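Here are the chains, one letter per residue:
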Amino acid sequence: IVCACACTYFYCCEDRDYYLGSTFATQHKHKHKHKHKHKHKHRRSPSTELNLNRAFFTTMIMIIGIIRVAAALLLTPLTQRHLQPFAHARTDAENEVKLILQRIEEDTLKLRDEVENAYTQRCSIETLSQCSRGSFNGCSSVFPNQQCMAADELVVEACGGGGGNGCNALWDKTTSIVSIPSALAQGKDDNPTDPELIETACYTLLAEDYMRTKYENDEIFWDSYNVQPSWTYFGAHNGLFRKLPGTVDEECGNYDPRLRPWFVAASSGPKDVVLVLDVSGSMSDYGRMDLAKEAAITVIKTLTISDRVAVIAFSDYAYQVHSDSGTDLLVRATNENKNLLIDSIQKLTDGGATNFHAGFQQAFDALERTIEQEYTSGCNVAILFMTDGVRTAGPETDEVLSLINDSTQRLATLYNRDTKIFTFSLGAQADRLATKEIACSTNGIWTPVGDFDGDLVGAMASYYKLFALGLGDDTEFTAWVEPYEFFWTKKMGTTNSAPVFDRSVDPPLFLGVVASDVHMDAFEQVLGENAQSSTMLQRFIRLSTAQCPKIDLSDCQLEGLRYLAGGEEATCGMCNSTDYPGIIPTECPFKPDLPKNLWQNTDVEGVKYEDRACCEIGSNVPSEMCGIPDEIDTTEIDTSTNSIGLVLGITIPVLFVICCCGWLFCKHKKVSPPTDVPKEVVGTNALPVASVSSAIPANNAQVTYGGVTAVMPPSASAPPMNPAFHVRT
């Protein structure tokens with residue numbers, strides 16, 4: 001760095017042109033050796049002076065380089081001895097993080113065991129009787145032991161938390177709450193009417209004691225890291241959600257656990273997913289294009305960093321919808337890539353014919369390129385084909401089926417990849433024959449999706465339910481997701497999750513997913529890494545890609561999954577059974593005994609969030625003094641914005657002027673005349689040389705030296721400003 005600065009100064013600021021430019025004056029000076037002989041006897045020529053300077057700096061660079069190499073050789077053993085404590089400290093930190101992660105995974109598996117044990121008691125009279133009016137609704141219930149969150153526990157911005165007004169939101173550390181998507185809660189007081197949903201609410205209530213004890217233990221454990229414990233919860237395959245501590249739902253009926261990455265990660269494991277979307281002209285009918293976009297986005301949101309994903313759009317031809325700079329491979333499903341893909345899907349437009357063959361060909365090409373370059377998840381492959389079902393261009397359906405079967409066989413033979421085809425007919429008016437035929441002929445699953453399907457998540461769930469069957473025999477599997485910002489705390493955190501099964505049947509019946517949240521503060525403290533760093537991300541990628549589900553289904557099991565996806569209409573006639581053990585839950589024999597009302601109370605039903613949740617710290621009831629006002633004074637915001645703009649508008653031009661002045665100063669220094677040139681030179685043809693201190697003639701002024709009249713040229717000016725440069729205000 002020192003050498004670079006020295007050379008820069010020599011060549012730029014001192015300027016070699018100064019030495020070269022003084023040659024003319026020096027030549028005249030040497031003609032008067034009789035006057036200056038004693039002064040110039042040993043003076044070097046300018047070119048010699050320049051070469052000596054260059055030689056000096058080159059020699060210095062070589063000497064410093066030799067010293068640098070010698071120092072490196074001599075100091076390396078000493079440096080290693082000094083770095084050993086740091087290496088040991090790093091190893092200790094990694095080991096501590098490993099122990100933290102191991103503890104979290106063990107707790108998650110214990111919670112899974114509690115829920116699985118509770119499921120075996122779901123039909124008992126005692127369980128059903130305790131369930132009646134035994135749960136609390138996150139939107140309509142007042143909690144028994146609610147209290148206002150302390151400022152160091154959580155900060156709820158919707159209640160003005162963190163704003164210095166002494167407000168926050170209510171919660172209950174001893175009570176779990178239940179949330180159900182509004183499309184599934186059609187009974188009185190938002191009660192579910194589906195018997196299986198009611199059973200799920202009842203048996204998960206039995207796990208509340210363990211969830212409460214776990215939270216109490218977590219408070220003690222995380223206190224040593226000055227970190228608040230977070231939530232423990234269960235998301236059922238049917239959409240029901242139970243969590244502890246209990247909090248007031250801000251958006252009622254909108255939360256569906258099956259949409260969350262932690263749910264799909266634990267239920268399906270790592271996978272390569274290719275979505276093939278029909279964007280032909282017929283998709284404009286009946287809003288099918290919007291339905292296709294919504295369905296594709298629903299799937300993408302569920303993917304995690306252990307997955308790879310690509311989106312293919314097709315009409316007359318097929319093309320890949322890119323998430324970044326034109327890659328033709330599957331990309332890792334990071335939050336960034338998912339957001340880019342979702343944005344690209346939203347911009348798709350319809351038009352043209354419908355070429356099934358082109359869509360599938362592009363999908364298999366992308367898969368094979370990805371696998372060859374080892375950018376794959378290394379696990380199972382799912383192709384999700386979405387169309388209105390009418391093929392109008394390209395090869396016939398028989399050739400499409402041949403392409404699919406040949407390509408899946410090729411992936412299995414060359415790369416040991418198990419590929420499953422999932423077809424979806426979008427819209428009530430969609431043609432269903434072709435898409436169902438494709439699924440039945442390729443060992444796939446076909447699902448009809450209605451125009452206004454209230455449970456779109458359930459309709460798109462067939463692919464992860466199939467993969468879940470491959471995890472039923474593994475009792476140690478857990479999944480991690482990419483660190484993300486928690487909704488409540490606005491802090492970075494991650495989630496560890498595990499699938500829950502009824503293991504009394506074969507294959508084990510998938511029930512849902514348990515999960516535990518954890519803030520990233522502890523990891524950041526121990527490792528000294530940012531939660532969003534690439535190193536931290538790679539750590540969770542390694543944790544999330546450790547195991548692939550092994551899928552080995554019988555014909556009847558596959559038929560059971562088809563039945564779940566679309567009822568009897570979706571089956572392919574491969575099995576005479578209608579029970580489908582291990583696929584469809586067995587109903588409790590006492591349907592009349594199921595409770596009609598799950599909620600302990602509905603005292604705040606229909607009340608807006610601020611009036612249900614916002615409270616003064618230290619109290620246990622809502623407060624009218626808290627919450628963000630509906631109307632915000634925009635004058636203050638505008639004034640603040642204008643002030644920032646004014647500051648930027650002044651600061652940036654001033655900095656620009658200072659930079660220009662510095663540049664001009666350096667340029668002036670370059671062209672400054674030498675200070676050792678004599679004031680006058682005698683000679684017959686010599687022109688007198690003006691003193692350095694003499695005034696410089698004005699631009700275009702006429703001056704006379706030795707009888708010769710000359711016109712001074714205009715002075716150099718700064719280059720024009722770049723017209724493409726705009727000061728941002």
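Before any of the text, the structure's been laid out above.
Parameters at a glance
Sequence order as written defines residue numbering, which begins from 1 separately in each chain. Local features in a predicted model are, by the rule used here, given only for residues with pLDDT of at least 70; side-chain atom pairs are given and counted only at 80 or more, and totals for whole chains, interfaces and linings are based on all residues. Only hydrogens and water are set aside; all other atoms, that is, all heavy atoms of the structure, feed into the side-chain values. Note on terminology: disulfide denotes any pair of cysteine sulfur atoms within 2.5 Å. Segments assigned H or I by DSSP are reported as helices when at least four residues long, segments assigned E as strands when at least two residues long, and all are numbered from the N terminus. Classification of residues uses two cut-offs on accessible area relative to the type maximum, computed with a 1.4 Å probe and protein chains only: under 20% is buried, over 50% is exposed, and between them is partly exposed. Whether two residues are in contact is decided by their heavy atoms, any of which lying within 4.5 Å being enough. A helix is expected to span 1.5 Å multiplied by its residue count minus one. In the sections that follow, a salt bridge refers to a side-chain nitrogen of Lys or Arg positioned within 4 Å of a carboxyl oxygen of Asp or Glu. Two strands are counted as paired when DSSP detects at least two bridges linking them. Throughout, right-handed denotes a crossover for which the path from the first strand over the helix to the second runs clockwise when the strands point away from the viewer. Two aromatic rings, drawn from Phe, Tyr or Trp (for Trp, its six-membered ring), form a pair once their centres lie within 6.5 Å of each other, and the interplanar angle then sorts them: stacked below 30 degrees, edge-to-face above 60, tilted otherwise. Charge over a ring is defined by NZ of Lys or CZ of Arg lying within 6 Å of the ring centre and within 35 degrees of the ring normal. Here a polar contact is taken to be a pair of N or O atoms separated by no more than 3.5 Å, where protein atoms must pair a possible hydrogen donor with a possible acceptor and residues adjacent in sequence count only if both atoms sit in side chains.

Novice: Hey, could you run me through the state of the cysteines in this one?
Specialist: A covalent bond between the sulfur atoms of two cysteines is what we call a disulfide. According to the stated counting rule, one finds eight disulfides in the structure shown. Shown here is the disulfide that connects C131 with C202, its sulfur atoms set 2.1 Å apart. Looking along the S-S bond of the C131-C202 disulfide, the torsion reads about -80 degrees, which is the left-handed sense. Residue C131 is found in helix α5 (residues 125–131), and its partner C202 is found in helix α6 (residues 195–205); the two are separated by 71 residues along the sequence. Given a relative accessible area of 0%, C131 falls into the buried group.

Novice: Explain α6 here, please?
Specialist: Residues three or four positions apart in an α-helix share a direction because the helix packs 3.6 residues into each turn. Across the 11 residues of α6, nine count as buried, placing the element largely inside the fold. Within the span of α6, buried status applies to L197, I198, E199, T200, A201, C202, Y203, T204 and L205.

Novice: Looking at this model, I keep getting lost on the side chain of N137. Mind explaining?
Specialist: Tracing the backbone shows N137 in the loop between α5 and β1 (147–148). Residue N137 is classed as buried on the basis of its relative accessible area of 7%. Ignoring anything within four residues of it in the chain, the contact list for N137 reads F143, V178, D190 and W599.

Novice: Quick question: what am I supposed to make of helix α9 (residues 288–302) here?
Specialist: Between its first and last C-alpha, α9 extends 22 Å over 15 residues, near the 21 Å set by a 1.5 Å rise per residue. Along α9, 12 of the 15 residues are buried, which leaves the element largely enclosed by surrounding structure. When we look at burial in α9, the residues that qualify are R288, M289, L291, A292, K293, A295, A296, I297, T298, V299, I300 and T302.

Novice: Any chance you could explain unusual backbone geometry here in plain terms?
Specialist: Working note: non-glycine residues mostly have negative phi, and peptide bonds are mostly trans. Omega for the peptide link from L244 to P245 comes to 0 degrees, which places this bond in the cis form. Inspection of the secondary structure puts P245 in the loop between β5 (241–244) and β6 (246–247). At the junction of D506 and P507, the peptide bond is cis and its omega measures out at 0 degrees in the coordinates. Checked against the element boundaries, P507 lands in the loop between β16 (492–502) and β17 (509–519). Its identity is not glycine, yet D190 carries a phi of approximately 60 degrees, on the positive side. Looking at the secondary structure, you find D190 in the loop between β3 (177–179) and α6. You can call D190 partly exposed: its relative accessible area is 39%. One non-glycine residue, Y286, lies in the positive phi region at around 55 degrees.

Novice: Help me understand the pattern of salt bridges, please; the structure alone is not making it clear to me.
Specialist: Working definition: two side chains of opposite charge can pair if their charged atoms are close together. One pass over the full model with this rule turns up 19 salt bridges. Across the pair R103 and D218 runs a salt bridge, and its minimum N-O distance is 3.3 Å. Taken together, the residues span a long stretch of sequence, with R103 in helix α4 (residues 46–119) and D218 in helix α7 (residues 208–223) at a distance of 115 residues. Taking relative accessible area as the criterion, D218 reaches 4% and is therefore assigned buried. One connected set of salt bridges, linked through shared partners, spans R103, D107, K214 and D218.

Novice: Looking at this model, I keep getting lost on the pairing of strand β7 (residues 271–278). Mind explaining?
Specialist: Burial runs high along β7: eight of the eight residues are buried. In β7, alternate side chains face the same way, and those of K271, V273, L275 and L277 on one face and D272, V274, V276 and D278 on the other are all buried. Across seven bridges, the pairing between β7 and strand β8 (residues 308–314) is parallel. Its bridge partner being in β8, L275 is matched across the sheet by V311. Running through α9, the crossover from β7 to the neighbouring parallel element β8 is right-handed.

Novice: Where do I start with the packing of aromatic side chains in this structure?
Specialist: The description of an aromatic ring pair uses the distance of the two centres, along with the angle that the planes make with each other. Counted by the stated rule, this structure contains 21 aromatic pairs. Here Y233 and F241 contribute two aromatic rings whose centre-to-centre distance is 5.3 Å and whose plane-to-plane angle is 50 degrees, an arrangement assigned as tilted. Looking at Y233, the relative accessible area reads 4%, which means it is buried. Overall, the relative accessible area of 6% leaves F241 in the buried class. One aromatic cluster is present, built from ring pairs that chain together Y233, F241, Y255, W262, F263, F422, Y463, Y464, F467, F501 and F510. In this arrangement the basic side chain of R103 is found over the ring face of F221, its NZ or CZ atom lying 4.0 Å from the centre.

Novice: Where do I start with the environment of D474 in this structure?
Specialist: By the element assignment, D474 lies in the loop between α15 (462–468) and β14 (479–480). Of the residues examined, D474 reaches a relative accessible area of 17% and is grouped as buried. Counting along the chain gives 25 residues from D474 to P499, while the straight-line C-alpha distance between them is 9.6 Å. In this structure the side chain of D474 is engaged in a polar contact, spanning 2.9 Å, whose partner is the backbone nitrogen of E476.

Novice: Which parts of the structure should I look at to understand the side chain of N168?
Specialist: Residue placement: N168 occurs in strand β2 (residues 167–172). At a separation of 3.4 Å, a polar atom in the side chain of N168 contacts the main-chain carbonyl oxygen of M149.

Novice: Got a minute to help me understand the pairing of β2 in this structure?
Specialist: Successive side chains on a regular strand alternate, one facing one side of the sheet and the next facing the other. Most of β2 sits out of view: six of its six residues are buried. Here β1 pairs with β2 via two bridges, running antiparallel. Bridge pairing links Q147 to W171 in β2. The pairing of β2 with strand β18 (residues 614–616) spans three bridges and is classified as antiparallel. When the bridges of β18 are listed, N168 appears paired with C615. Where β2 and β6 come together, two bridges link them in antiparallel fashion.

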